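# Descriptive structure summary
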Amino acid sequence: MDRVTLRTFKRICILNHSISSAGFLVDFIEDQLATPCALAKKVSSLKLANDDLVLLDASDNDEAKLLKLLAELQSKHAENWVCLLAVANDINIGPYLAFPVVKGVIHKHQSEKILLKGIVSMDRGVPWFSRKHSNQLAALRVVPTIEHIEFPNELTKREQQVLRFLSQGHSNKKIAELLFLSIHTINTHRNNLYRKLGVNNHAEAVLWALGHQTSSKTFSF
């Protein structure tokens, strides 16, 4: 594949559990795509811009960790495109595809040429999925957000509202607009529900909501 200049992505950010083992990937991408790369273990270390592509290393098959990272990316950086990298062929990636922020999948042992093709495709606005993954997406993304949550009794109605909007990827500013409240008030409700749920941050709250969905069709403000 000839050297390509990307049109949309200004930077490629690699989230990798082993920084030392990903150095070759940075060199390869910067050489082949003339695009700067950033490498980190945590989302917060990347300081993502909207025109960054995120390559999320899935090679260690740690589902809990990967879901936590995806929840954080979905809740804080829903505008970005995320591609799962080095995914094992024999695992069920349905839970990962349920996050709308995921726009591509590269399997283990696929060639560097396939990786470059996938990046270029996503840069052109076309997600990079196999037919199997596309079929899964058709079923998974009918309702792309968490709609019905089984709330604990100790949460107030307002805290339930805030958690619901957090789980749908809204920022504090957007939630304040939706509920006609100040950002300071939203922060207070958010911190109170964190304490009551026993979570520490936005991503953990989203994971909690994912684990407490209900099939109920009713929801009351």
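What comes next concerns the included structure.

Parameters and conventions
- Residues numbered from 1 in each chain as written.
- Predicted model: local features only at pLDDT ≥ 70, side-chain atom pairs only at ≥ 80, totals over all residues.
- Heavy atoms only, no water.
- Helix = DSSP H or I, 4+ residues; strand = E, 2+ residues; numbered from the N terminus.
- Buried < 20%, exposed > 50% of the residue type's maximum accessible area, 1.4 Å probe, protein only.
- Contact = heavy atoms within 4.5 Å.
- Pairing = 2+ DSSP bridges.
- Axes fitted to C-alpha atoms, helices over the stretch in contact; angles between N-to-C directions.
- Disulfide = S-S within 2.5 Å.
- Core = buried A, V, L, I, M, F, W, Y, C linked by side-chain atoms within 4.5 Å.

Let us now look at the overall build of the protein chain. Check the secondary structure of the protein chain and you find nine helices and five strands. The helix and strand sequence of the protein chain, counted from the amino end, reads β-α-β-β-α-β-α-β-α-α-α-α-α-α. Residues classed as buried in the protein chain amount to 47% of the 221 residues present. Restricting to contacts in the protein chain with at least 6 residues of sequence separation, those with at least 24 account for 67%.

With phi around 50 degrees, Lys 47 is a residue other than glycine that occupies positive phi space. As for its position among the elements, Lys 47 is in the loop between strand E2 (37–40) and strand E3 (52–57). Since its relative accessible area comes to 69%, Lys 47 is described here as exposed. For His 109, which is not glycine, the phi torsion reads 70 degrees and is therefore positive. Within the secondary structure layout, His 109 lies in the loop between strand E5 (102–107) and helix H4 (112–123). The exposure class of His 109 is exposed, given its relative accessible area of 78%.

Right, let's talk about the sheet that holds strand E1 (residues 11–15) for a bit. In spatial order, the strands read E2-E1-E3-E4-E5; together these five strands make up an open sheet with parallel pairing. The sheet is open, and its two edges are formed by E2 and E5, each paired on a single side. Between one strand axis and the next, the sheet turns through 20 degrees on average, direction left out of account. The pairing of strand E4 (residues 81–87) with E5 spans four bridges and is parallel. Bridging across to E5, Leu 84 finds its partner in Val 105.

Bringing the state of the cysteines into the picture now. Overall, the coordinates contain zero disulfides when judged by the stated rule. Residue Cys 37 stays outside any disulfide, its sulfur separated by 8.1 Å from that of Cys 13, the closest cysteine.

Within the largest apolar cluster, 29 residues are counted, with the highest numbers of intra-cluster contacts made by Leu 56, Leu 70, Leu 73, Leu 84 and Val 102. Mapped by element, the contributors of at least two residues to this core are E1, E2, E3, helix H2 (63–76), E4, helix H3 (94–97) and E5. Counting residues per element, this core draws most heavily on H2, which supplies six residues.

The subject of this paragraph is the pairing of E1. Most of E1 is tucked away, with four of its five residues classed as buried. Examined bridge by bridge, E1 and E3 share five bridges and lie parallel to one another. Each residue of the ladder has a partner; that of Cys 13, found in E3, is Val 54. Here four bridges tie E1 to E2, and the two strands are oriented parallel to one another. Opposite Ile 14, over in E2, you have Leu 39 as the bridge partner.

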